[in-house]
Amino acid sequence: MAEERLQGESPPSPPSPPSPPATRLTVLLCGDPTAPQQGRLGAALSRRGHRVIVADAPGVAATIRGEHGAACEEVVLERPRWPGAIEAWLARRAVRSLGVDVVHLNYLRPRYRLWARMRGGPPYVATAWGSDLNDEDFPRTASYRQGVDEVLCGASALTADSAPLLEKAQQRRARLEAPEVSASLVLWGADLGAFDRSRAAAASGVWRARLGLPEGSKVLLSPRQCLPHYHADRIVRAFAESRWAEGGVLVLKLYGRAGEEEDRARLEAVAEAAGVREQVRFAPPSAYGELPGLYALCDAAVSALEVDGFPSTFCELLAMAVPLVATDLPAYRGLLGTGENALLTPAGDHAALVKALDRLLTDGEFAARLRSQGAAWAREVADWEACVDRFEGAYRAAAQRGAQR
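First, a word on scope: everything that follows refers to the structure included in this document. Please read these numbers as outputs of a predicted model, since none were measured by experiment. (Residues numbered from 1 in each chain as written. Predicted model: local features only at pLDDT ≥ 70, side-chain atom pairs only at ≥ 80, totals over all residues. Heavy atoms only, no water.)

1. A look at the state of the cysteines
Inclusion rule: Working definition: a disulfide is two cysteine sulfur atoms within 2.5 Å of each other. Only protein chains enter the calculation, and the probe is 1.4 Å; a residue is then buried if its accessible area is under 20% of its type maximum, exposed if over 50%, and partly exposed in between.
Within the structure shown, the criterion is met by zero disulfides. Among the cysteines around C226, which has no disulfide bond, C298 carries the closest sulfur, lying 14 Å off. Relative accessible area serves as the criterion here: at 1%, C226 is assigned to the buried category.

Given below as structure tokens:
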């Protein structure tokens, strides 16, 4: 169920009537059941006239219907207590009876081998995450890697949200002598109508009151998860040592996932030790429609990951003209450029992170240039409707290859 809208926030404008697709597809969405991207994508496909079926993710289906107001169906395919052969047989029978044209695996894992092994099954698009293929950063067992390779090799089309990750997926397929297939860089972009700073101005005032922020205080946002490998603790320490601590506020975004309270307590302890506990706030979990108001409140945002894809969060922040400090990672190259649409710092370099934060606060001309160029980049590269076009292209490429096969 969608969260209640903040008081004072303007309701979203009704979506434009969808144009009929060239060919209506029945798309089965199968992936991480907690990923909000699946809800956004499912809603967008449904509005375009496609038939959307969500597998094993009631939360995603609820988001599509409740928060986005779009239609979808649901199916249960995973039956962990059943023998694998029976589970696979039931899944094959289900997708045949539903008339599935293409499966979208948004996240690869060994149990999805059933799609690679399914005789006469539908073609599928494999969207790889860093945690799927970056074995040097996310150690996996040999059997786990073998399972992911099998899923990867059975795909009829590939997508990823960064060029290095897409290249790695293609290289792994080539090593295993899998045939070449369509491979597309597809970002999880931003709804440019919703993520518009002027439209979100009123809602930003509601967020300021909700978080108890002093009027006129500068706000630095840490918009990513609070999990340890997201390094929010480094952001807290850098904030404490930067000019932002002189009357500014650091806001850390929460997502409502299991175990998050332990991470919050850990970060509160870090803030206490750094002497900035009273200047740190935690933004509660919020519906997608509430994010523009939160982002419009912020004077800058910072991310300190050392392993990443290209998150939709960056697309949304840049669309909102929020200056961004981020780690200089291979996944961002070709998308973020330091001094162009973001300020990039070396991974793990604490002094550089503090210096970057100070520059955004003290160099108004530079920050204004990042705001302008970031918003221009979002319009050109990260328009969500164009991103959905690319997913549709991957589906059609997969369906065509499946027919040929």
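Now that the structure has been shown, the text picks up again.
2. Describing the sheet that holds strand β6 (residues 157-160)
Think of a sheet as strands paired side by side through backbone hydrogen bonds, with each pair either parallel or antiparallel. What counts here: Following DSSP output, two strands are said to pair if at least two bridges run between them. Helix and strand definitions here come from DSSP, where helices need a minimum of 4 consecutive H or I residues and strands a minimum of 2 consecutive E residues; each element is numbered from the N-terminal end. As a rule, the C-alpha atoms of each element are fitted with a line to give its axis, helices using only the stretch in contact, and angles between N-to-C directions run from 0 to 180 degrees. In what follows, residue pairs with any heavy atoms lying within 4.5 Å of each other are defined as contacts.
The strand order β3-β2-β1-β4-β5-β6-β7 describes an open sheet built from seven strands, whose pairing is parallel. A single partner strand is all that each edge strand has here, and the edge strands are β3 (73-75) and β7 (182-185). In this sheet, neighbouring strand axes are inclined to one another by 20° on average, regardless of whether the strands run parallel or antiparallel. Examined bridge by bridge, strand β2 (residues 51-55) and β3 share three bridges and lie parallel to one another. Directly across from V54, in β3, lies its bridge partner E74. The strands touched by helix α2 (residues 58-67) within the sheet are β2 and β3, with β3 carrying the most contacts at an inclination of about 175°.

3. Description of the pairing of strand β4 (residues 102-106)
Among the five residues that make up β4, five are buried, leaving the element largely enclosed by the rest of the structure. As paired elements, strand β1 (residues 26-31) and β4 share five bridges and run parallel to each other. Bridge pairing links L28 to V103 in β4. When β4 meets strand β5 (residues 124-128), the two strands line up parallel, connected through four bridges. Considered in β5, the bridge of N106 is made with T127.

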